[in-house]
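Residues per chain are reported as follows:
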Amino acid sequence: MMSRSYTNLLDLASGNFPVMGRERDRDRDRERRRLPRVMTVPGSIAELDDDQAISVSSDNPSSLASLDRMIIVANQLPLKAKRRQDNKGWNFSWDEESLLLQLKDGLPEDMEVCYVGSLRVDVDPIEQDDVAQLLLDRFKCVATFLPPNIVEKFYDGFCKKHLWPLFHYMLPFSADNGRRFDRSLWEAYVSANKSFSQKVTEVLNPEDDFVWIHDYHLMVLPTFLRRRFNRLRMGFFLHSPWPSSEIYRTLPVREEILKALLNSDLIGFHTFDYARHFLSCCSRMLGLEYQSKRGYIGLEYYGRTVGVKIMPVGTHMGRIESVMELANKEGKIEELRQKFEGRTVLLGVDDMDIFKGINLKLMAMEQMLKQHPKWQGRAVLVQIANPARAKGIGSEEIQAEIQESCKRINEEFGMPGYEPIIFIDRPITIVEKISYYSIAECVVVTAVRDGMNLTPYEYIVCRQGTSGTESGSNLSGPTKSMLVVSEFIGCSPSLSGAIRINPWNVEATAEAMNEAISMLEAEKQLRHEKHYRYVRSHDVAYWSRSFMQDLERTCADHFKRRCWGIGLGFGFRVVALDPNFRKLSIDAIVSEYSRAKSRAILLDYDGTVMPQNSIYKTPSAEVMAILNRLCVDPKNTVFIVSGRGRDSLSKWFSPCEKLGIAAEHGYFLRWPQDKEWEVCSQSHEFGWMQMAEPVMKLYTEATDGSSIEKKESALVWQYRDADPGFGYSQAKEMLDHLESVLANEPVAVKSGQFIVEVKPQGVSKGLVAEKIFTSMAEKGKQADFVLCIGDDRSDEDMFEIIDNAVSSNILSAYTSIFACTVGQKPSKAKYYLDDTTEVITMLESLAEATDSPVSSEEETDEFP
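Thresholds, definitions, all that
Residues numbered from 1 in each chain as written. Predicted model: local features only at pLDDT ≥ 70, side-chain atom pairs only at ≥ 80, totals over all residues. Heavy atoms only, no water. Axes fitted to C-alpha atoms, helices over the stretch in contact; angles between N-to-C directions. Helix = DSSP H or I, 4+ residues; strand = E, 2+ residues; numbered from the N terminus. Parallel < 35°, antiparallel > 145°, perpendicular 65-115°, else oblique. Left-handed = near helix turned anticlockwise from the far one by under 90°. Contact = heavy atoms within 4.5 Å. Nonpolar A, V, L, I, M, F, W, Y, C, P; charged D, E, K, R; others polar. Patch = residues over 30% accessible without salt bridge, like charges linked within 9 Å, V, L, I, M, F, W, Y side chains within 5 Å. Areas by Shrake-Rupley, 256 points an atom, 1.4 Å probe, with all protein chains shown as cover. Salt bridge = Lys/Arg side-chain N within 4 Å of Asp/Glu carboxyl O. Lys, Arg positive; Asp, Glu negative; His and termini not counted. Charge placed at Lys NZ, Arg CZ, Asp CG, Glu CD. Buried < 20%, exposed > 50% of the residue type's maximum accessible area, 1.4 Å probe, protein only. Polar contact = N/O pair within 3.5 Å; in protein donor to acceptor, adjacent residues only side chain to side chain.

Draft legend 1. Fine view of the packing of helix α23 (residues 688-702) against helix α24 (residues 724-741). Close contact between α23 and α24 brings their axes to 10 Å; oriented N to C, the two are set at 160°. As judged from the angle between their axes, α23 and α24 are roughly antiparallel. For α23 against α24, the interelement crossing comes out right-handed. Across the interface between the two elements, M691, A692, V695, M696, Y699 and A702 of α23 pack against F726, Q730, E733, M734, H737, L738 and V741 of α24. Among the residues making up the contact of α23 with α24, the classes are represented as 10 nonpolar, two polar and one charged.

Below, the structure written as structure tokens:
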């Protein structure tokens, strides 16, 4: 019997999931009162009814005339909420520490910003409509209220028990290391993302708005939005690490999440490592390869270019400086300076979770005091532990371990009036934190994995001080700061002056801490100046402005292309193609074919009339019958143009005597009714094979799954069955190697899909097509109908030469040309068919429209 839980994720991703409990009752009330779309100019309110058709196409002009607007979507709104003292309502205010609020500084001043997200507090269902209207009116925030059972499974369950550990390289080997995969939690995650999409849809003007989605809580949201708005301009930024493909591939819903993210236009990461891991996952699991053009990284995905942005987030300079002024005014900095007078303060500021490596830092401090006794009684580590954000894995155990370490170190090295470890595990104010930054000689970050971590940036700004006042440390002379940071955090690559450490190596971390506080003052000053220049120029406004500019650039062609959605559930994707690129109409081509007097039909073999993944490559009886019917028409000149060798092609197509064959991409050519092969190349010397083959053998031995195919005129190295990443790397290396070895030989070295090929210069399918058209024209039978079909890069040469043939009068301007690629993908062809089945169906339609031969004389008056 089928479970009543969300077992059909295809239905769930389409939005067909049951409403639970009290949510069902509230929805009945909301039928009468729906949240209107936010408008930037006066106009009629357009309400979006959930019961309308599933697809709201962005092809239709919007009824709301508005300027560009940014809709920022995150799990939590940048708001603080506090219950009124009389318990009758709520007080709301902006959360000045929220990155979502601070990023507005980098957006255009005239751009309206709207937020969609949930609140940090539980709001009674009776109050939710009033609270939602208040937040919309006063803050332009759209609140998403999730049922408590969904929140628990979505946030505390899937996000914190599955995604968060996995993205920080923790696998659930046992129950202590996180839960085994629980599909009900995944279903709750999908359900929550759908709820967010409904709220975005309520206020979205798809023609004018940008949507910026934040973090791992909402990774499948892009699919829900893209299903309804094909041309929506949408970006996603991940604020956590993205793990290596070996870790990520253990996630049972790995492909669903990847495909959902690829429905964004731009995907952002803090570091190159995170982006590289994401691209590796796309390559290994989806077969997608990225390209880098003029400094921009992009993934071609069904005709759309999905941009990949690498940009670490910055801090908000103005906010920190204003808090520093307040701290100075309140005397907090002076108070701490007096408290730690005569001490060298090392500072740690971390969240209380297992990935921050707090205990490793304490152990390193202990080791430093043992190895360098001069710091006993002088060096103090102040460790501030922010309360855990959620019910994380192992939080209670790690807290107990930290407390035990603090007690042990203080008992061993403490003395009257001195404790080497000061552990603060209570919530502290921003003023208090900034004050500690200002008096610390060094900040130590020993996280074993962290997405970004802005603690070092904030510390650098505080040590610089505010303009017009003394530095935060109130020390006379130049400002200085020192950083000891883990190499596993996102900000580490940006801080070239920091001492980078492997936090698992406690002894090395201890030596780094000693080096940092023992360093010459001039060296500290130079490192600080270098860091401050970077932090000041790469603040949060710079980050958001850069992301926005790349999002605009990536979406520039959205309204110039034809877009439509295909696929079910999380297999949904949008195909975007040039307006002139369309599916080949069988009726149209049959009509032109019937009127034509002289026809040229050029067909690729593998991937065109034979499925690419077929192991048995001999043409079927159906294909042979169709080709024979086409060939017997005296008006037709039919060629198979393939990269395969002439022996196999001759054997396969021997029953079809009137078929022309071009083998090895046109090096060998056999005209219809002719049994002799013609060599279409100036080069007949193959001494270069003795030079190229040993090189290929070296790479074959070193690359498991690769092989060499030796043809009469070419050598091909194939790595389709090798590890994708290693095979691609080896192919690039081999390409350079062969180009160097064969630099003075009359050959071309080219890379293709899972191949590296060496062949004589001047050999291509394009030149074969040109030769065929020229020969027909010379015989007074200039083609007035051309059909050319292929599926890979080598066939693009044929499509390109067809356009050139018209301009050079080899073909008439009135020639009916049907250049057709197999599969919906960017191509120089103007038409496409989806697969080999459609190709054969189309050819069969042409065969049915084929004239019978008039006489044997006409049949023989073709080519010598």
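Draft legend 2. Quick peek at a positive patch on the surface. A contiguous patch of positive charge, built from R500, K530, R533 and R536, is present on the exposed surface. Examining the composition of the positive patch, we find that three residues originate from one element, helix α18 (residues 521-537), more than from any other. You can see R533 is positioned in helix α18. Residue class for R533 comes out partly exposed when judged on its relative accessible area of 47%.

Draft legend 3. Layout of the side chain of K759. Summarising the element assignment, K759 is placed in strand β29 (residues 755-760). With no salt bridge to any partner, buried K759 finds its closest opposite charge in E757, at an N-O distance of 4.5 Å. At 3.3 Å, the side chain of K759 and the backbone oxygen of V763 are in polar contact. Those residues in contact with K759 that sit more than four places away from it in its chain are H665, W688, S713, A714, V747 and A748.

Draft legend 4. Examining the pattern of salt bridges more closely. Under the criterion given, the structure shown has 39 salt bridges. The residue D550 makes a salt bridge to K309 at a minimum N-O spacing of 3.1 Å. One end of the pair, D550, is in helix α19 (residues 540-554); the other, K309, is in strand β11 (residues 304-310), with 241 residues separating them in the sequence. Judged by relative accessible area, D550 falls into the buried class, the value being 10%. For K309, a relative accessible area of 8% puts it in the buried group. Each of E441, R463, K480, E521 and K524 takes part in a single network of salt bridges with overlapping partners.

Draft legend 5. Fine view of unusual backbone geometry. The phi dihedral of Y169 falls on the positive side, at around 70°, and the residue is not glycine. Relative to the helices and strands, Y169 is located in the loop between α5 (148-167) and α6 (183-203). For Y169, a relative accessible area of 25% puts it in the partly exposed group. Non-glycine residue D215 carries a positive phi angle of around 75°. You can see D215 is positioned in the loop between β6 (209-214) and α7 (221-228).

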